[in-house]
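What follows is each chain in one-letter form.
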Amino acid sequence: MIDDLDVPGVLSLVGPTGPVRPLMLDSPHSGTCFPDDFDTVVSQKMLLEAVDTAVDRLFRPSPGSGLTMLHAHFPRTYVDPNRAATDIDEDMLDRPWPGPAQPTGRSARGNGLIRRTLSGDLFPLYDRRLSVGEVAGRIARYHEPYHRTLARLHRVLHATFGSVYHLNCHSMRSRNTEDGTRRPDFELGDRNGTTCAPQFTGFTAELLSDLGYDVHINRVFRGAEIVRAYSAPDDGHHCLQIEVNKDLYMDESTRTLLPAFDRLRSDLATVLDRLGDFAAAHAAPGRAAVVNRNLRG
């Protein structure tokens, strides 16, 4: 139903093995393949600080789990798949954008579709304006394929099961930038209850809490573009963002994985297996039958 896919430098899709369940995952910010034309003026070491290090490995479903995972190879600092294609800061460009440009507050802060700075405004990524052509190329070669694949996964799983549950996976710095206090082990974001059934958020929080982790919901990270764009809970599309604290599995100063990585990965495999059961139990086969008849028609 969903085959593995690897587009070098762009994305990888690990298709389900074993009985398929309607739970899919994606990791849009774990990519570290830097395109040759990424001529930023900051070092690659600094760029790596913006990466959700090893999140694709941390959340990768176990063989035979029946789950599906997509992850980006390219870095978010080059073009961000967790932003809308219209979230463009035209002040970065050499001429007006020819298509629709609807910059959000993220573009104003320097981390829209095309990232402008690191660490607030301390480190500009470029010493020039970008051409419209190169930005359009980044969208066409990287952003669009990622979103085409996400959309196809939603269509296929929804057509089969009548519903799809989507976990959008990230990692977060261990401490708040404002006051230095430690963030929770996990933060879940459903955009204040709008992107998935509350039972999905609640059950995920319960599973993590039962394993001894501190879990917050919708406090700092409430969910960004992917969960917004692909969610339609009333129609069976449930999207939940999950952020894991980096100090649970890596040394933030060196980006070295800690021995605790394996334990955390094992815990998450348990959580994903239970969430897969949840998704299967909450499938809507009647709705799927109607959708499949419409597709055949």
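It should be emphasised that the depicted structure is a prediction, and the values quoted were computed from it without experimental measurement. (Residues numbered from 1 in each chain as written. Predicted model: local features only at pLDDT ≥ 70, side-chain atom pairs only at ≥ 80, totals over all residues. Heavy atoms only, no water.)

K.L.:
So what exactly am I meant to see when it comes to the environment of T160 here?
P.N.:
Position of T160 among the secondary structure elements: in helix α4 (residues 132-161). What makes T160 partly exposed here is its relative accessible area of 36%. Between the C-alpha atom of T160 and that of R148, which follows or precedes it by 12 residues, the distance is 18 Å. (Helix = DSSP H or I, 4+ residues; strand = E, 2+ residues; numbered from the N terminus. Buried < 20%, exposed > 50% of the residue type's maximum accessible area, 1.4 Å probe, protein only.)

K.L.:
For this particular structure, what's the right way to read the sheet that holds strand β1 (residues 5-7)?
P.N.:
Whether parallel or antiparallel, the strands of a sheet pair through hydrogen bonds between backbone atoms. Taken in spatial order, the 8 strands make up an open sheet running β1-β2-β4-β3-β7-β10-β8-β9, and their pairing is mixed. Since the sheet does not close on itself, it has two edges, and those belong to β1 and β9 (215-217), each with one partner. The mean inter-strand angle of the sheet, taken between neighbouring strand axes irrespective of direction, is 20°. Here 4 bridges tie strand β3 (residues 23-27) to strand β4 (residues 68-72), and the two strands are oriented parallel to one another. Along β4, the bridge assignment pairs L25 with M69. The sheet strands contacting helix α7 (residues 260-281) are β3, β7 (164-172), β8 (186-189) and β10 (237-245), and the helix crosses β3 at an angle near 140°. (Pairing = 2+ DSSP bridges. Axes fitted to C-alpha atoms, helices over the stretch in contact; angles between N-to-C directions. Contact = heavy atoms within 4.5 Å.)

K.L.:
Explain the layout of surface pockets to me, please; I cannot follow it from the model alone.
P.N.:
Of the pockets and cavities examined, the largest pocket occupies roughly 1,000 Å³. As for the largest pocket, its lining consists of 33 residues, and the residues nearest its centre are R76, N111, R115, R183 and F221. Within the residue set of the lining of the largest pocket, elements represented by two or more residues are β5 (117-118), β7 and β10. Looking at the lining of the largest pocket, its residues break down into 7 nonpolar, 13 polar and 13 charged. Estimates place the volume of the second largest pocket at around 260 Å³. Lining the second largest pocket, in full, are K45, L48, E49, T53, R173, K246, M250, E252, S253, T254 and R255. Partitioning the lining of the second largest pocket into residue classes produces 2 nonpolar, 3 polar and 6 charged. (1 Å grid on protein atoms, 1.4 Å probe; cavity = no way out; pocket = protein on both sides within 12 Å on 5 of 7 lines; lining within 4 Å. Points joined across faces, edges and corners; volume = space filled by probe spheres on them. Nonpolar A, V, L, I, M, F, W, Y, C, P; charged D, E, K, R; others polar.)

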